[in-house]
Amino acid sequence: MDCIFCKIIEGTIPSYKVYEDDQVYAFLDISQGTKGHTLVVPKNHSASVFDLPEEDAKAIFRVVPKLSNTLKKAFNPIGLNIVSNNEKPYQTVDHFHIHLLPRYEDDELVLSMINRMNDLEQKDYVEVLDAIKVAMKA
Ligand code: 5GP
Ligand code: ZN
């Protein structure tokens, strides 16, 4: 399969390996958003979270606390963001992955969410929740 991350897992493309077990591979992102920026991927190819098997999700998140604590110990960040981009234009490599991004004072990484709380009324939340409940049942 023509997938960069599958090739990294197989070892045909080199990587700076951080961690590996039967189901998971973690390596330094080639573009270090912050110092220690690590990608955690399932060894089985899934394009995105939308087709990620539960078993692979479990395997990934089982190692996230350990890897986060390791990065904390190594670099003493002030915090850490966990990010996963899914589908274009957000996702640029179509093999599901999560980013572990240690955060530092003045690191200039921008991950912003606009707070719309003041624009919303109770009925707006209810409408959103109803749509989710309908989708959950379908
Ligand atoms: P996305 O935009 O899909 O969330 O993130 C994909 C990430 O993969 C990017 O941050 C990019 O720097 C990283 N990446 C792309 N190609 C390679 C590669 O060949 N090796 C490594 N280590 N990282 C890569
Ligand atoms: Zn792949």
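Here, every reference points to the structure presented above.
Throughout this document, residue positions are counted from 1 along each chain, in the order its sequence is written. Just so you know, chain letters begin at A and ligand numbers begin at 1, following the order they were written in. Local features in this predicted model are restricted to residues of pLDDT 70 or higher, and side-chain atom pairs are both shown and tallied only at a pLDDT of 80 or more, whereas totals for entire chains, interfaces and linings draw on every residue. Hydrogen atoms and water are omitted, and side-chain values are computed over all heavy atoms in the structure.

### Focus: the coordination of the zinc ion (ligand 2)
Right, so step 1: Distances define the donors: N, O and S atoms within 2.8 Å of the metal qualify, as do those within 3.2 Å of Na, K or Ca. Water is excluded, so some sites may look unfinished. Distances from the zinc ion (ligand 2) to its protein donors, C3 (SG), C6 (SG), H45 (ND1) and H95 (ND1), fall at 2.1 to 2.3 Å.
Right, so step 2: Any coordination sphere not matching a tetrahedral pattern (four donors, all angles between 85 and 135 degrees) or a square planar or octahedral pattern (four or six donors, opposite donors over 155 degrees apart, other angles between 65 and 115) is reported as irregular. One way to put it: the four donor atoms around the zinc ion (ligand 2) meet at angles of 103 to 117 degrees, and that makes the site tetrahedral.
Right, so step 3: Mapped onto the sequence, the residues coordinating the zinc ion (ligand 2) show the spacing C-x2-C-x38-H-x49-H. Of this pair, C6 sits in helix α1 (residues 4-10) while H95 sits in the loop between β4 (79-83) and β5 (98-103), placing them 89 residues apart in sequence.
Right, so step 4: For the exposure calls, accessible area comes from a 1.4 Å probe over protein chains only, and a residue counts as buried if that area is under 20% of its type's maximum, exposed if over 50%, partly exposed in between. Classification of C6 as buried rests on a relative accessible area of 11%. Secondary structure elements follow DSSP: runs of H or I no shorter than four residues count as helices, runs of E no shorter than two count as strands, and numbering proceeds from the N terminus.

### Digging into the environment of L100
Right, so step 1: Residue placement: L100 occurs in strand β5.
Right, so step 2: Taking relative accessible area as the criterion, L100 reaches 0% and is therefore assigned buried.
Right, so step 3: Residues L100 and G36 lie 64 residues apart in sequence; the distance between their C-alpha atoms is 8.1 Å.
Right, so step 4: Those residues in contact with L100 that sit more than four places away from it in its chain are G36, H37, T38, V40, V64, L67, S68, L71, L80, N81 and I82. Working rule for contacts: check all heavy atoms of both residues, and any pair within 4.5 Å makes them a contact.

### A look at the environment of D22
Right, so step 1: By secondary structure assignment, the location of D22 is in the loop between β1 (17-20) and β2 (24-28).
Right, so step 2: Here D22 falls in the exposed class, since its relative accessible area comes to 74%.
Right, so step 3: When the C-alpha positions of D22 and A59 are compared, they lie 9.2 Å apart, and in sequence the two are 37 residues distant.

### A look at the nonpolar core
Right, so step 1: What we call a nonpolar core is a set of buried Ala, Val, Leu, Ile, Met, Phe, Trp, Tyr and Cys residues that are connected through their side-chain atoms within 4.5 Å. V24, V40, L67, I98 and L100 are the most contacted members of the largest nonpolar core, which has 14 residues in total.
Right, so step 2: Looking at this core, the elements that each hand over two or more residues are β2, α2 (54-75) and β5.
Right, so step 3: Counting residues per element, this core draws most heavily on α2, at six residues.
Right, so step 4: Leave out the neighbours within four places in its chain, and I98 touches T38, L39, V40, I60, F61, V64, I82, V83 and S84.
Right, so step 5: One finds F5, C6, I9 and F27 within the second-largest nonpolar core, a separate group that totals 10 residues.

### Describing the sheet that holds β1
Paired through backbone hydrogen bonds, the strands of a sheet run either parallel or antiparallel to each other.
Right, so step 1: Each pair of strands is called paired provided DSSP finds at least two bridges between the two strands. Strand order across the open sheet formed by five strands is β1-β2-β3-β5-β4, with antiparallel pairing between neighbours. The open sheet has two edge strands, β1 and β4, and neither has a second partner. Each strand axis lies, on average, 20 degrees off the axis of its neighbour in the sheet, ignoring direction.
Right, so step 2: The sheet contact formed by β4 and β5 spans five bridges and is antiparallel. For I82, the partnering residue across the bridge sits in β5 and is L100. What counts as an axis is a line fitted to C-alpha atoms, over the stretch in contact for a helix, and the angles between N-to-C directions run from 0 to 180 degrees.

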